[in-house]
Structure formats: C-alpha cells, structure tokens
Amino acid sequence: MRRFTVYDSLTREVRSFAPIAPPRVGMFVCGLTPYAEAHVGHGRFAVVFDVVARALRHWGYRVFYVQNITNLDDKLIARAAEIEEDPLALADRYAQSWRRLMTRLEVSSVNYYPYATDYVPEILAQVRVLIDRGYAYVAEDGSVYYSVARFPEYGKLSGQRVEALRPGARVEVDERKRAPEDFVIWKAATPGEPSWESPWGPGRPGWHIEDTAMTGRLLGPRYDLHGAGLDLIFPHHDSEIALAEAASGEAPFVNYWMHNGLLTMGGEKMSKSIGNVSSLEDAIDRYGPMVLRFYYLNAHYRSPLEFDPPRTLDEAKEAYARLALPADRIAEALDRRAEDAAGADLPDTLADAAEALEETLDATLANDFNSREVIALLFGWTRRMTEDLPRLDAYSSDALEELAGPYRWAEEVLGLFVRRPEGRGGAWANLVPVLLEARARARARGDFAEADRIRDELRGRGIRLEDDASGTRWEFTGPE
Ligand SMILES: [Zn+2]
C-alpha cells in the first residue's frame, strides 16, 4: 500500500493517511438530493471522489465506497407537489438518471448508492439511542430534536459557533424546540407526505441522521474517509459528528474529512436554489465525458472552479485534444499491429523516462490528490510523444506499450483517455465504423458525392474524419 497524504478539514492540516483496518478503507460521500436534473456542479464532487477511490485501489487499499441518495426532504416534497408526482417516485426517477450520468462520466468506483428511506429502521434505532442517552427529546407533536447544548464540541469541524444555527431576530422561533439551535432528527408526519410508524408517532427522517444511521450500518461507528462539497461542512457535517459520537460514545466518528471546492458560475455557487445551473447531461452530450473529467481534474480539488459557458468547456476541449492526441495515436498504432510483429525497441532513455514518469505520477497524486499537477506532468509526456509520432509505426508492440504506460496509468486512476465510443462522441459513435465502411465502398465505386455526404453527416455530429496512407481515422471533436 502506497503512503499518501490528505488535507483533513477537521484538523486543518495535511495528514498522512492510516486506515483503521488496513487494507480496508470505509469511504462515504454525501450524494444527491434528486429532485431535479443534475448540474455541472454535481459532476465535480462525483469525479473528484471517483479519483480518490480509484487512486486508493490502485495503491493497494480495499475501498468500500458508499454514496447516499437523499430521496426524501422538504425541497423534494415541494417539487413533487408542484408537478403532482409521488415524491419517492420523483426521487427514484432522478436518482436513476444520476446513475446513468455516472456511467457515462466513467464514475465507476462507487460500490453502493443507498436510499435514505431504505434505512428507516437504522434511523429509528439511532433516534432511540440518542433519546435514551439524553441527547435528544420528543416534542409535543411527535417530532424528535437533537439537543445541541448536550454536545459541547458542536461546530468543531466548521469552527462555527452554535449561534450560527439560531434564526435572525425577524424569524419566528419554532416553539417545539427547547433551544433555537436544536435540529430535527425525526419529523412528525404532515398529512399527504410519505411517513413511517415510530414509537413517537408517524413521521419521516431528518436530514443529518440519515447519513450517520446509514454509515453506522454499512461502515461501523467509526470509519476512515468522509467526503463532500465544502458547502456541506456546516451545519450538515458538524451535526453528523454530534449525532454519531453521541450515539456510539466513540470518537472520532470519521478519521479524515475531505471537502472539494465549489463550482461557481458568475462567482456564485452553482445551485438549483440560486438558479445559475447548467445541465450535466447537456455538457456530456456536447463535449463528451473525457473533456468534462479533464475540466474538473485540471484544478486542485480544494480550489473553487469557475464555470463560464461556453468558454470554459471550449478551452478544456481544446486542451484535452492536445493532451490526448499521442495517446490516441499510440493506441491506434497498437490496434494496427499484430501482437509480436517485429519493430524497434525504445531507446533506453525513453523507456526509463516512461517508467520513471509513472512513479512520479503516483507520488504527485499521493500528495493530497494534486490532479492538476499530475495533468501538467502528462502534458510534459505528450510534448515529448508528439515529436515521436512519425516514428510510431516503426516501434515494436512492446515499445508502444511502454510509451502508452503513463496514459494507461491515467486511464486507470484519473479515468481519462478512455477509448469507449461514449468517450468519443456519444451513442452515435457506435455507427461510425458502419458509416466508414459505407463511405469506403462509395469511394471504391467512384461515388464521391455519397462519400462526401457521409463525411459531412459525421461532421455535423462532431466526428471529424482524416484520410491518410494508413486509411481513415476519426476523432470526436464535438459539434461545430
Ligand atoms: Zn450527507
């Protein structure tokens, strides 16, 4: 297992990582509240933590990665009422669309996407323990609240004081609470909303306790790594700590807290409630998953990332095309070549450089997941490879494999350079080989008008053809 460091939001320092029970690593990331289509901001946390899990596995850890789905909350219920759909059905619909987008984005590392409402028994058990231990109380209407004053360390993650949970002077204080900072962990049922039976009457889970009940069951009372966007530190994660440590009597609840910076549009957090959103699906349709992953990873995960369409993704598309060109050419040269066809070996210096680079890539990523610097190193390799492109066909398969090494590393760990049809132009790309054959036949019989028509049709779909001595190659460049 490779040693690595990670910035821990709780201790506010870069710490060397040590799992509770190596080589196993329990990892939890706050996922979606699926009441609308996912936006480009959601893609960031998904890709950032996908790379964390991929890297850990590459380094020999056995990661169990859980990303929850908050399939019931106030916003979701309000949205469902608006469009007259059952809230749980609405959530299920958008959760499934999220899973499809994750497949398209090559986010392949998540082991389990549990729904909050599948953990109601665990939630009720935790509510019961918190009441028994004196950390929670039942209000008149059957709601249960967490008593923040009972947990003096409340706010240790964010550094916020409990006063920040108190409503401003103009806001009416909720009479059911003993103190304004107390938060609901079991919400008494409102007629017409989904509810479950409980010892305190019918109701539904509060938000924060969904995570701690779920992780208690799936990862144990203490686990290794909790990730999410920066905006969830307060009050969500501070509340999770208060719930879990009070319920289990064990601390620390989580050993490493990782938070990614926010994606902003016009300097403000991209958020459905603000209204400055851009659809993730549209972005994948237009640019392909590789360009999006490149865009997210070409920034340090803790930095804010501005999204300014279409400039940002246009730039990312151009830069990624430059970065990936030799990777594609090497892969194509390998495709053309019989397994043990004769060819030149790599010069020693180049072979050594490829091997040394892979080690440097690992070491760089192991320094608090600095994917931006990793990509800079890959650009260095691409510059070197670009000079070598004319010689590719002279090399042996082994030599080509060595040249491909750094790109293969990045494919496994960063999920870049993936050569699936989706990565190169969506479902349409599946038709490309068929159309290329039709075009070749048209040319063979002298029907150049038909050949050009096929070429133009493909170009309209963002697929550009290039004819040379070795045949026709194609590249997904995006719609023009
Ligand atoms: Zn959460």
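A.B. asks: What is the right way to read helix α11 (residues 371-388) from this model?
C.D. replies: Note that an α-helix has 3.6 residues per turn; residues three or four places apart therefore point the same way. Taking 1.5 Å as the rise per residue, α11 with 18 residues should run 26 Å; its terminal C-alpha atoms sit 26 Å apart, in good agreement. If you check which residues of α11 are buried, you get Ser-371, Val-374, Ile-375, Leu-378, Trp-381 and Met-385. Each buried residue of α11 sits inside an arc of 115° when the element is viewed along its axis, so together they form one side. Away from its buried face, by an angle of more than 90 degrees, α11 presents the exposed residues Ala-376, Arg-383 and Glu-387. Considering only its buried residues, α11 is in contact with α1 (40-58), α8 (289-297), α9 (311-336), α10 (348-365) and α12 (397-413).

A.B. asks: For this particular structure, what's the right way to read the environment of Asn-370?
C.D. replies: Take Asn-370: it is sitting in the loop between α10 and α11. The class for Asn-370 is partly exposed, based on 15 C-beta atoms found within 10 Å. With 69 residues separating them in the primary sequence, Asn-370 and Tyr-301 have C-alpha atoms 7.5 Å apart. Once you skip the residues sitting within four places of it in the chain, Asn-370 turns out to touch His-300, Thr-364 and Leu-365.

A.B. asks: Would you take a moment to explain the domain arrangement of the protein chain for this structure?
C.D. replies: Accessible area lost upon the coming together of the parts serves often as the stated size of an interface. Looking at the assigned domains, one finds that the protein chain contains domain 1 (5-260), domain 2 (326-419) and domain 3 (423-476). Look at where the C-alpha atoms of domain 2 and domain 3 centre, and you get two points 28 Å apart.

A.B. asks: Just to check I follow, could you spell out the packing of α8 against α9 for this structure?
C.D. replies: The geometry of a pair of packed helices is captured by two quantities: the angle between their axes and the separation between those axes. The geometry of α8 relative to α9 is characterised by a closest axis approach of 9 Å and an angle of 100° between their N-to-C directions. The orientation of α8 with respect to α9, classified from their angle, is roughly perpendicular. Judged by residue contacts, Met-290, Val-291, Phe-294 and Tyr-295 of α8 engage Thr-312, Leu-313, Ala-316, Lys-317 and Tyr-320 from α9. A per-class count over the contact of α8 with α9 returns seven nonpolar, one polar and one charged.

A.B. asks: Which parts of the structure should I look at to understand the sheet that holds strand β8 (residues 203-205)?
C.D. replies: Each strand in a sheet pairs with another by means of backbone hydrogen bonds, the pair being arranged parallel or else antiparallel. Spatially, β5-β6-β7-β8 is the arrangement adopted by the four strands of the open sheet, whose pairing is antiparallel. What marks the edges here is a single partner per strand, and that holds for β5 (136-138) and β8. Each neighbouring strand pair of the sheet contributes to a mean axis angle of 20°, computed without reference to strand direction. As paired strands, strand β6 (residues 144-146) and strand β7 (residues 183-188) are joined by three bridges and run antiparallel to one another. Following the sheet pairing, Tyr-145 is matched in β7 by Val-184.

A.B. asks: It is not clear to me how unusual backbone geometry should be interpreted in this structure. Could you clarify?
C.D. replies: Trans is the common state for peptide bonds, and a negative phi is the common state for residues other than glycine. A cis amide bond, omega 5°, links Pro-22 with the succeeding residue Pro-23. On the secondary structure map, Pro-23 appears in the loop between β2 (13-16) and β3 (24-29). Following Phe-234, the chain continues into Pro-235 via a peptide bond in cis, with omega recorded as 0°. Among the secondary structure elements, Pro-235 is positioned in helix α6 (residues 233-248). Of note, the phi angle at Glu-84 is positive, near 55°, even though the residue is not glycine.

A.B. asks: Help me understand the sheet that holds strand β4 (residues 62-67), please; the structure alone is not making it clear to me.
C.D. replies: With respect to topology, four strands assemble into an open sheet ordered β4-β3-β9-β10, the strand pairing being parallel. The sheet terminates laterally at β4 and β10 (254-260), the two strands that pair on one side only. With strand direction ignored, the average angle separating the axes of adjacent strands in the sheet is 20°. In terms of strand pairing, strand β9 (residues 223-229) meets β10 through six bridges, oriented parallel.

Rules behind the numbers
- Residue positions are given per chain, counting from 1 as you read along its sequence in written order.
- In view of the model being predicted, local features appear only for residues whose pLDDT reaches at least 70, and side-chain atom pairs are presented and counted only at 80 or more, with totals across whole chains, interfaces and linings using the full set of residues.
- Numbering of helices and strands runs from the N terminus, with a helix taken as a DSSP run of H or I at least four residues long and a strand as a DSSP run of E at least two residues long.
- Expected span of a helix: the number of residues minus one, times 1.5 Å.
- Partly exposed residues are those falling between the two cut-offs: more than 12 but fewer than 20 other C-beta atoms within 10 Å of their own, whereas 20 or more means buried and 12 or fewer means exposed, with C-beta atoms placed from the backbone.
- The arc under discussion is defined with respect to the helix axis, by the directions toward the C-beta atoms.
- By definition, residues are in contact whenever their C-beta atoms, placed on the basis of the backbone, come within 7 Å of each other.
- What counts as a domain boundary in this text is fixed by an automatic or database domain assignment.
- Angles run from 0 to 180 degrees between N-to-C directions of axes, and those axes are lines fitted to C-alpha atoms, restricted for helices to the stretch in contact.
- Small angles under 35 degrees read as roughly parallel and large ones over 145 as roughly antiparallel, with 65 to 115 read as roughly perpendicular and the rest as oblique.
- Here the nonpolar group is Ala, Val, Leu, Ile, Met, Phe, Trp, Tyr, Cys and Pro; Asp, Glu, Lys and Arg are the charged ones; every other residue, Gly included, is treated as polar.
- Should DSSP find at least two bridges between two strands, the strands are taken to pair.

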